[in-house]
Amino acid sequence: MREKLHTGGIFGIKSGDVPKADLLGFKAAGFWPANRELGKEPHQATIVLFDPHTGRPLCIIDGNAITTLRTGAAGAIGLTLLARPESRSICIFGTGTQGRIQLRLALRAMPGLDTIHYLTADGRPDAAFEAAFEDFAPAHSNQAAKPVGSSDIIITATPGSGPLFPPEAVRPGTHINAVGADTQGKRELPDGLLRRVRLFADDCEQSAAVGEGQWDTGCRAIEIGDLLTGKIPFTRDAADITVFDMTGLALQDLTVADMLWRQARSRGTGTRVPWRW
């Protein structure tokens, strides 16, 4: 569920159960752009786990760090499976929390990367972002076509307010991690691009409903999990353009939250709240 709010934000709930792991829960999260004016993070998330046998709540966890890291980790998986191993250059749209974790884990997953291009929403250089990656001397650009056309990997980590670059700028052999589109009406990729690519998604139904797939429903996606399990073999040709459409799964939130909850219990951290049932 994703809904626009009268306050200008977007609120959503990702819920699910993982029977094999005995997990049940949800993440209530959204995006409040006005938080930036307060010097605060616009993304806010809270995760709740339940006992699937009784419905009793087990824990409430701040979901911001979980969302940041699990999305970054998913992006790194997409790169290791789909991008050309010899990739050297990367272009990233967005320098916020998610843009930074995507780039940080991309550099870890793809050690051959040595060139960073970046673009910002306001068209101005981001000094804090450049300082965070100073070893790579990120180069800021006001025009998307040139850095996109010279990059092996493109990451789009923005609020998803519209296409970020012209489709003809993407050269053969490029891989794209599309992070921002996770709600109806949000997009980052341009018209016509999906018709030229090999499309992958964390969840095909979500991609078609709220991800980049909503803009071209005739494009069939392959689920990244089928590559991880070996259900579907994948061989990248040198000229292939690949796209990983990342809409985010409750599975990711629940499994990471469960790991943290178990660690907290074993270490005696957190606050135990009496609960009558």
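As a starting point, this report considers the structure included with it.

1. Some points on the sheet that holds strand 3 (residues 23-31)
- If you trace the five strands from one edge of the open sheet to the other, you get 1-2-3-4-5, paired in antiparallel fashion. Each having just a single partner strand, strand 1 (2-4) and strand 5 (57-62) make up the two edges of the open sheet. Averaged over all pairs of adjacent strands, the angle between strand axes in this sheet comes to 15°, irrespective of strand direction.
- One ladder, built from three bridges, connects strand 1 with strand 2 (residues 10-18); its direction is antiparallel. Bridge pairing in strand 2 links K4 to I10.
- The sheet contacts of helix 1 (residues 64-82) involve strand 2, strand 3, strand 4 (43-50) and strand 5, and relative to strand 4 the element is tilted by about 100°.
- Sheet strands in contact with helix 7 (residues 250-267) are strand 2, strand 3, strand 4 and strand 5, and its direction is about 70° off that of strand 2.

2. Quick notes on the pairing of strand 3
- The buried fraction of strand 3 is high, at seven of nine residues.
- Looking at chain direction, strand 2 and strand 3 are connected through nine bridges and run antiparallel. Looking across to strand 3, one finds that F11 is bridged to G30.
- A loop of four residues connects strand 2 with strand 3, the two strands running antiparallel in sequence, and D22 in this loop sits at a positive phi of about 60°.
- Pairing analysis gives eight bridges linking strand 3 to strand 4, with the strands arranged antiparallel. The partner of G30 across the bridge, within strand 4, is Q44.

3. Topic: the nonpolar core
- Core analysis: the largest hydrophobic core is formed by 24 residues, its most contacted members being I90, L103, L113, I153 and I155.
- Secondary structure elements with two or more residues in this core: helix 1, strand 6 (89-93), helix 2 (97-109), strand 7 (115-119), strand 9 (153-156) and helix 6 (224-228).
- What I155 contacts, discounting residues up to four positions off in sequence, is I90, C91, I92, F93, Q102, A106, N177 and V179.
- C91, F165, C219 and I241 belong to the second-largest nonpolar core, a separate cluster that totals 19 residues.

4. A short note on the environment of F50
- By the secondary structure assignment, F50 is in strand 4.
- The spatial distance from the C-alpha of F50 to the C-alpha of L23 is 7.4 Å, given a sequence separation of 27 residues.
- Aside from chain neighbours lying at most four places away, what touches F50 is L24, G25, F26, G55, R56, P57 and L58.

5. Brief notes about unusual backbone geometry
- At D22, a position not held by glycine, the phi torsion is positive, near 60°.
- Mapped onto the fold, D22 is located in the loop between strand 2 and strand 3.
- Look at A137: it is not a glycine, yet its phi comes out positive at around 45°.
- Mapped onto the elements of the fold, A137 is located in the loop between helix 3 (127-132) and strand 8 (139-140).

6. What about the packing of aromatic side chains?
- As enumerated under the stated definition, the model contains five aromatic pairs in all.
- Taken together, a centroid distance of 5.1 Å and an interplanar angle of 50° make the contact between F129 and F133 tilted. As far as the burial class goes, F129 and F133 line up, both buried.
- Aromatic pair F200 and F234: ring centres 5.2 Å apart, planes at 80°, arrangement edge-to-face. Here F200, found in strand 11 (residues 198-201), pairs with F234, found in the loop between helix 6 and strand 13 (242-245); they are 34 residues apart in sequence, far enough to count as distant.
- Under the relative-accessibility criterion, F200 is labelled buried at 0%.
- Of the aromatic side chains, those joined through ring pairs into one cluster are Y118, F129 and F133.
- When the ring centre of W215 is taken as reference, the NZ or CZ atom of R187 above it lies at 4.5 Å.

What counts, and at which threshold
Residues numbered from 1 in each chain as written. Predicted model: local features only at pLDDT ≥ 70, side-chain atom pairs only at ≥ 80, totals over all residues. Heavy atoms only, no water. Pairing = 2+ DSSP bridges. Helix = DSSP H or I, 4+ residues; strand = E, 2+ residues; numbered from the N terminus. Axes fitted to C-alpha atoms, helices over the stretch in contact; angles between N-to-C directions. Contact = heavy atoms within 4.5 Å. Buried < 20%, exposed > 50% of the residue type's maximum accessible area, 1.4 Å probe, protein only. Core = buried A, V, L, I, M, F, W, Y, C linked by side-chain atoms within 4.5 Å. Phe/Tyr/Trp six-rings, centres within 6.5 Å; stacked < 30°, edge-to-face > 60°. Lys NZ or Arg CZ within 6 Å of the ring centre and 35° of its normal.

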